[in-house]
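# Architecture and fold: a report
Listed below are the residues making up each chain.
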Amino acid sequence: MSRTSRLPSSLLRAAACTGIAALTLTACGSGSGSGSASTGSGDVKVGLITKTDTNPFFVKMKEGAEKTAKAEGVQLMTAAGKFDGDNAGQVTAIENMVAAGVKGILITPSDSKAIVPAIEKAKAKGVLVIALDTPTEPQGAVDALFATDNLKAGELIGEYAKAAMKGKTAKIAALDLAPGVSVGVQRHNGFLKGFGATDKDVACAQDTGGDQSKGQTAMENCLQKEPGINVVYTINEPAALGAYTALKAKGREKDVLIVSVDGGCTGTKAVKDGKIAATSQQYPLKMAAEGVKAVVTYAKDGKKASGYTDTGVTLITDKAQDGVASKDTAYGLDNCWG
């Protein structure tokens, strides 16, 4: 897949160290964790803070922000947590960016509640704050949210699974994210809504953290609990591929329907290869691009973005079902990430 051109990481770190005194020495060192780097030129500074800098979803998000910042003639500062859940790292990044004079910050919150005080301090200093992908709790803690409608993403794969079962009795396994995480809750609830089911209809539910190896273990546990499982909902495609591995080991990969959410390139290829029946594709590049444009508008005329902007979701499958709108994997691979 295409990638936007970048300066070598050593030059990025040098630029950050010499040009932004507010950043810590750690931020200018290894380039990982909550450290920040800046790219582009111009008087307007835009900050992007992601959960991590290694997840392909956030790599694509950063590419979208970099490309748009260059097109708009603004400077982009970027930072990320050391791991998914690193709230302290994100708080430090917000503080550094505010001190460096950013006009707006785009953030994918690792902890939707714990990050709110830091966001409120930034807003109090006139910084526009927009959440990408993951809403804060409460959602109104930020000025605006640009994200996938995760409830709709879940509904799409739920509707698809229901249609694909063609009236067969479903024994459902739900391979979820983690308790209380809004993205995971919305996708789970959306799947059940689309399928016309409730949690009482789920034969086995396991948390995976969205991790492939944990997805495999979760599926193994579910098969022990209920060997007749024939529908598997997964929070994302790594968990889905873990489930597929476990099912294949039992010789069940052909008779169990797996559906998922994300639309990364690896996951979309797994749909093409028949490992996953369908996935709901989301668009991180668009989230970041629209976010940067919103900060530029705020810098130019003081108009703040507000409310929720749905950045779209598409059901991807090569086995279309009547009554369920979808596109094939050719489309999915043209629009995937990672």
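Residues numbered from 1 in each chain as written. Predicted model: local features only at pLDDT ≥ 70, side-chain atom pairs only at ≥ 80, totals over all residues. Heavy atoms only, no water.

## Topic: unusual backbone geometry
With an omega of 5°, the peptide bond between E137 and P138 qualifies as cis. Mapped onto the elements of the fold, P138 is located in the loop between strand 5 (128-132) and strand 6 (144-147). (Helix = DSSP H or I, 4+ residues; strand = E, 2+ residues; numbered from the N terminus.)

## Structural notes on the nonpolar core
Ranked by internal contacts, the top residues of the largest apolar core, which has 26 residues, are Y160, F191 and V259. Mapped onto this core, the elements with two or more residues apiece are helix 5 (150-165), strand 7 (172-176), helix 6 (182-195), strand 9 (231-234) and strand 10 (257-262). Looking at this core, the element that brings in the most residues is helix 5, giving six residues. Discounting chain neighbours no more than four positions away, the residues touching Y160 are L257, V259, A277, A278, L315, T317, K319, Q321 and V324. Core analysis: the next-biggest nonpolar cluster, separate from the first, contains 24 residues, L128, I130, A144 and V296 among them. (Core = buried A, V, L, I, M, F, W, Y, C linked by side-chain atoms within 4.5 Å. Buried < 20%, exposed > 50% of the residue type's maximum accessible area, 1.4 Å probe, protein only. Contact = heavy atoms within 4.5 Å.)

## Quick notes on the pattern of salt bridges
Under the defined criterion, the tally for this structure stands at nine salt bridges. Linking E137 and K113 is a salt bridge whose minimum nitrogen-to-oxygen distance equals 4.0 Å. Of the two residues, E137 is situated in the loop between strand 5 and strand 6 and K113 in the loop between strand 4 (104-107) and helix 4 (116-124); the sequence distance between them amounts to 24 residues. Salt-bridge contacts for K171 lead to E226; the nearest nitrogen and oxygen are separated by 3.7 Å. Of this pair, K171 sits in the loop between helix 5 and strand 7 while E226 sits in the loop between helix 7 (212-225) and strand 9; the two residues are 55 residues apart in sequence, bridging distant segments of the chain. (Salt bridge = Lys/Arg side-chain N within 4 Å of Asp/Glu carboxyl O.)

## Structural notes on the side chain of Q281
Mapping Q281 onto the fold places it in strand 11 (residues 278-281). A polar contact of 3.0 Å, which involves the side chain of Q281, links it to the backbone oxygen of G332. Setting aside its immediate chain neighbours within four residues, Q281 contacts D262, G263, T268, G312, V313, T314, I316, Y331, G332, N335 and C336. (Polar contact = N/O pair within 3.5 Å; in protein donor to acceptor, adjacent residues only side chain to side chain.)

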